[in-house]
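An overview of the molecular structure
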Amino acid sequence: MSVARRLIKCVILDLDGTLLNTDGIVCNVLKVSLGKYGKEWDGRETLKIVGKTPLEAASAVVEDYGLPCSPIEFVSELSPQFSDQWCNIKALPGANRLIKHLKSNGVPMALASNSPRESIDAKISFHDGWKDSFSVLFGGDEVRTGKPSPDIFFEAARRLKIEPSSCLVIEDSLPGVTAGKAAEMEVVAVPSLPKQSHLFTAADEVINSLLDLQLEKWGLPPFADWVERTLPVDPWYIGGPVIKGFGRGSKVLGIPTANLSTKDYSDLLAEHPAGVYFGWAGLSGRGIFKMVMSIGWNPYFNNKEKTIEPWLLHEFTEDFYGEELKLVIVGYIRPEVNFPTLESLIAKIHEDRRVAESALELPMYSSHKDDSYLRSS
Ligand code: ADP
Ligand code: RBF
Ligand code: MG
């Protein structure tokens, strides 16, 4: 095991984009509101608003779209629409696991968010056990200046009675990372927007999702739920007819991947972090097979779209395009990464296959082979 970089005594967490999957909801509200002004929301704007205070975010949108209202008016127009949506925000994968783990190990936790205290309280009220897990909560309206100013982190540390250098900040946004470093804390960035990790050079570590957090690096109690190099996840399901992919799985890698339409499942795909997962695959009329897959942008090929690439661990004598494929995903192996050579990418995928093949023999994973979803049509 690697030596801890620093002895950390507490964890300060950001809320939106770090623990909660707020992005989709923010986008939907903006789409509707801008529509009323005859404007079309361009998803790329999200980059400008993540991690900002509501007023700053509103100013950016009002200016970029030339809206005939002031940022303050825009905020008041949007707030009731946002409030209506708080109940629909899901916890990001790994958020509940992290909170439970730190709590049961007695690691103090603070929540420090740029959103107003009132919305923080409202948002977390929909997540069991969250409120009681934080000894300190701070909203952007409770300090003089929000992130990227370090105020909110200094205040959180002061209230925790722990010196800043012993605090670990977990943040998804650039303003948040800047604030954490300005407070001289250790900062792990978990960028909520795809393909942004190169911008987070100020962070002490950049990870792909909370599933990849290695607490022992910070001298904190390690997660104990990894089993034979795999992390069990709440099973989830996806299925549909097999479609044509980029035509390079078999040709370039010698590894065929039976692609599913991403259009029909964009919400589901957005919910799950990019990475390598495994589970069981049901192919109607042919049987049930072990499966290992990647979800993401395949950095080696730098795809524009997030795709799902399942490799069925079975030798087929023919293609099965158009046939109904059902997947149950039961575990996680690793984040998606880039490789210096095609050979190293191929070698890694074969290693993933071995990990998945052997893990799927464990009762905790093999029991899902009998899931009725795999046989349904
Ligand atoms: P594409 O880019 O169209 O997905 P691939 O080279 O990735 O092409 O090959 C995938 C196709 O190969 C699948 O759609 C399926 O019809 C076929 N195939 C054969 N064996 C397998 C397997 N073991 N796993 C996944 N797909 C397979
Ligand atoms: N592509 C990457 O660029 N990085 C990866 O880490 C990666 N991991 C994969 C793991 C598995 C189990 C599979 C089946 C594929 C993976 N690929 C990865 C995707 C590979 O690039 C993809 O199958 C081809 O792009 C097919 O179009
Ligand atoms: Mg494919």
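In case you missed it, the structure is sitting above this.
Below you will find a few notes about this structure. (Residues numbered from 1 in each chain as written. Chains lettered and ligands numbered in written order. Predicted model: local features only at pLDDT ≥ 70, side-chain atom pairs only at ≥ 80, totals over all residues. Heavy atoms only, no water.)

1. Description of the sheet that holds strand 8 (residues 259-260)
- Spatial ordering of the open sheet is given by 8-7-12-9-10-11, a layout of 6 strands whose pairing is antiparallel. Both outer strands of the open sheet, strand 8 and strand 11 (307-312), are each paired with one neighbouring strand and no more.
- Note that strand 10 (residues 287-296) and strand 11 share 6 bridges and pair antiparallel. Its bridge partner lying in strand 11, Met-291 is registered against Leu-312.
- Taken strand by strand, helix 12 (residues 342-359) contacts strand 9 (275-283), strand 10, strand 11 and strand 12 (324-334), and its axis lies near 100° from that of strand 12. (Pairing = 2+ DSSP bridges. Helix = DSSP H or I, 4+ residues; strand = E, 2+ residues; numbered from the N terminus. Contact = heavy atoms within 4.5 Å. Axes fitted to C-alpha atoms, helices over the stretch in contact; angles between N-to-C directions.)

2. Remarks on the sheet that holds strand 4 (residues 167-171)
- One open sheet accounts for 6 strands, arranged 3-2-1-4-5-6; its pairing is parallel. The open sheet has two free edges, formed respectively by strand 3 (136-139) and strand 6 (205-206), since each of these has just one partner strand.
- In this structure, strand 5 (residues 186-189) lies alongside strand 6, joined through 2 bridges in parallel fashion. Its bridge partner lying in strand 6, Ala-189 is registered against Val-206.
- In the packing of helix 6 (residues 117-124) onto the sheet, the strands contacted are strand 2 (109-113) and strand 3, and the crossing angle to strand 3 comes to about 125°.
- The strands that helix 8 (residues 151-160) touches are strand 1 (10-13), strand 2, strand 3 and strand 4; relative to strand 3, the one it contacts most, it runs at about 160°.

3. Describing unusual backbone geometry
- Looking along the chain, the bond that leaves Lys-147 and enters Pro-148 is cis, with omega of 10°.
- Looking at where Pro-148 falls in the secondary structure, it is placed in the loop between strand 3 and helix 8.
- The backbone of Lys-161 shows a phi angle near 60°, a positive value even though the residue is not glycine.
- In this structure Lys-161 comes out as exposed when scored by relative accessible area, which is 75%. (Buried < 20%, exposed > 50% of the residue type's maximum accessible area, 1.4 Å probe, protein only.)

4. Here's the deal with the site of ligand 2
- Close to ligand 2 lie 20 residues; Arg-248, Asn-298, Tyr-300, Arg-334 and Val-337 are nearest.
- Within the side chain of Arg-248, a nitrogen or oxygen atom sits 3.1 Å from an oxygen atom of ligand 2.
- With the chains in place, 99% of the 540 Å² that ligand 2 exposes on its own is no longer accessible.
- The site holding ligand 2 turns out to be the second largest pocket.
- Breaking the shell around ligand 2 down by element, the ones donating at least two residues are helix 10 (249-253), strand 10 and helix 12.
- The leading source of residues in the shell around ligand 2 is helix 12, at 3 residues.
- Across the shell around ligand 2, the residue classes tally to 11 nonpolar, 4 polar and 5 charged. (Near = heavy atom within 4 Å. Polar contact = N/O pair within 3.5 Å; in protein donor to acceptor, adjacent residues only side chain to side chain. Areas by Shrake-Rupley, 256 points an atom, 1.4 Å probe, with all protein chains shown as cover. 1 Å grid on protein atoms, 1.4 Å probe; cavity = no way out; pocket = protein on both sides within 12 Å on 5 of 7 lines; lining within 4 Å. Sits in = over half its atoms within 2 Å of the grid points. Nonpolar A, V, L, I, M, F, W, Y, C, P; charged D, E, K, R; others polar.)

5. Re the pairing of strand 3
- Residues of strand 3 alternate between two faces, with Val-136 and Phe-138 on one and Leu-137 and Gly-139 on the opposite face, all of them buried.
- Both strand 2 and strand 3 contribute to a ladder of 4 bridges, which runs parallel. In the strand pairing of strand 3, Ser-113 is matched with Gly-139.

6. With respect to helix 9 (residues 174-182)
- What helix 9 keeps buried is the set Pro-175, Gly-176, Val-177, Ala-179 and Gly-180.
- Lining the buried residues of helix 9 we find helix 8, strand 4 and strand 5.
- Structurally, the start of helix 9 carries an N-cap: the backbone nitrogen of Gly-176 is 3.1 Å from a side-chain oxygen of Ser-173.

7. Some words on helix 8
- Listing the buried residues of helix 8 in full gives Ile-152, Phe-153, Ala-156, Ala-157 and Leu-160. Down the axis of helix 8, the buried side of the element spans an arc of 135°, and every buried residue falls inside it.
- The elements touched by buried residues of helix 8 are strand 1, strand 2, strand 3, strand 4 and helix 9.
- Lys-161 occupies a position one or two residues after helix 8 and carries a positive phi of about 60°. (Arc of directions from axis to C-beta.)

8. Quick look at the site of ligand 1
- As a matter of local geometry, ligand 1 sits amid 20 residues, with Gly-247, Ser-250, Asn-259, Phe-320 and Tyr-321 nearest to it.
- The side chain of Ser-250 places a nitrogen or oxygen atom 2.6 Å from an oxygen atom of ligand 1.
- Leu-312 has a polar backbone atom sitting 2.7 Å from a nitrogen atom of ligand 1.
- For ligand 1, whose free accessible area comes to 560 Å², the fraction covered by protein is 93%.
- When atom positions are compared with the pocket grids, ligand 1 is found to occupy the second largest pocket.
- Contributing elements (two or more residues each) for the shell around ligand 1: helix 10 and strand 11.
- No other element matches the 3 residues that strand 11 contributes to the shell around ligand 1.

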